Each structure stands twice: as C-alpha cells, then as structure tokens.
Amino acid sequence: MLGNLGKGLLLRLVSYAVFVWGFWMLFQAFERSNIVIGIGGGVAILVAMWAMVGFRRAPAFRPKDPNDDAGNGAQDGKSS
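Fair warning: this is a prediction, and the values are worked out from it, not measured in the lab.

Asks: It is not clear to me how the overall build of the protein chain should be interpreted in this structure. Could you clarify?
Replies: Each helix and strand in the protein chain was counted, giving 2 helices and 0 strands. The proportion of buried residues among the 80 residues of the protein chain is 19%. Taking the contacts inside the protein chain whose residues are at least 6 apart along the sequence as the reference set, 51% of them involve residues at least 24 apart.

Rendered as structure tokens:
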C-alpha cells in the first residue's frame, strides 16, 4: 500500500519537474534565440502534461470493494 502511494507520488513529482524544466528550456530559447532548445522545451511540456494526466488516472490506492466481484448477480440484472 505505501509502496504504491510512494511510487505514485514520486512519478507525479517527476512529471512536475519535467514540466518546470520544459518552461525553463522555453525561456532559454527566447533568451538565446535558439529554436532547437525551444522545440525541446515544447516537447518536454507536452510529455509532462501527458504524464500528469496518466499518473492521475492510475489510482495509487484503491480499497477492495466487496460488491465488486462478478459472482453477486449484478451482471445478469438480478438484484441480490
């Protein structure tokens, strides 16, 4: 449980770091007039946003629901 929570937190922090790094690269591209750094910064921002959404979608901790199994008759429309 704590391992999954720590892994999810670490991956989210890494994605935030990549997001900040991408904006820093864009800033450096405008300062130095370098298109290659600007393209790299834009790609880094897009990758970081994709990672943020992907890591939020995967739950770090999900308790087991006792009514979640297929054997309770919920699949065939009958109430239990």
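Asks: What exactly am I supposed to notice about the packing of aromatic side chains here?
Replies: Each pair of aromatic rings is reported with the distance of its centres and the angle of its planes. In this structure the tally under the stated criterion is 1 aromatic pair. Taken together, a centroid distance of 5.1 Å and an interplanar angle of 85° make the contact between Phe-19 and Phe-23 edge-to-face. Taken together, the residues Phe-19 and Phe-23, both in helix α1 (residues 2–32) and 4 residues apart, mark about one turn of the helix. Classification of Phe-19 by relative accessible area gives partly exposed; the value is 24%. Take Phe-23: its relative accessible area is 46%, and that puts it in the partly exposed class.

Asks: Any chance you could explain a nonpolar patch on the surface here in plain terms?
Replies: A contiguous nonpolar patch, built from Ile-35, Val-36, Ile-39, Val-43, Val-47 and Trp-50 and spanning about 670 Å² of accessible area, is present on the exposed surface. One can find Val-47 in helix α2 (residues 35–57).

Asks: What is the right way to read unusual backbone geometry from this model?
Replies: Across residues other than glycine, the phi torsion is negative in most instances, and most of the peptide bonds are trans. For Ser-33, which is not a glycine, the phi torsion comes out positive at approximately 55°. Residue classification places Ser-33 among the exposed residues on the basis of a relative accessible area of 66%.

Asks: Any chance you could explain the environment of Gly-22 here in plain terms?
Replies: Inspection of the secondary structure assignment puts Gly-22 in helix α1. As for Gly-22 and Val-47, which are separated by 25 residues in sequence, their C-alpha atoms are 9.3 Å apart. Setting aside anything within four residues of it in sequence, one finds Gly-22 in contact with Gly-41, Ala-44 and Ile-45.

About the cut-offs
- Residue numbers restart at each chain and count upward from 1, following the sequence in its written direction.
- Local features are withheld for residues below a pLDDT of 70 in this predicted model, meaning they are given only at 70 or higher, and side-chain atom pairs are given and counted only at 80 or more; totals for whole chains, interfaces and linings count all residues.
- Hydrogens and water are ignored here; the side-chain numbers use all heavy atoms of the structure.
- Numbering of helices and strands starts at the N terminus; helices are DSSP runs of H or I of at least 4 residues and strands are runs of E of at least 2.
- Only protein chains enter the area calculation, which uses a 1.4 Å probe; residues under 20% of their type maximum are buried, those over 50% are exposed, and those in between are partly exposed.
- Residue contacts are defined here by distance: any two heavy atoms, one from each residue, within 4.5 Å place the two residues in contact.
- Stacked, tilted and edge-to-face pairs are distinguished by plane angle, under 30 degrees for stacked and over 60 for edge-to-face with tilted covering the rest, among Phe, Tyr and Trp rings (Trp via its six-membered ring) whose centres lie within 6.5 Å.
- For patches, a residue must show more than 30% relative accessible area and have no salt bridge; joins then use 9 Å for like charges and 5 Å for nonpolar side chains, namely Val, Leu, Ile, Met, Phe, Trp and Tyr.
- Surface accessibility in these figures is a Shrake-Rupley result with a 1.4 Å probe; residues are shielded only by whichever protein chains are displayed.
- Put simply, a salt bridge is a Lys or Arg side-chain nitrogen that is within 4 Å of an Asp or Glu carboxyl oxygen.

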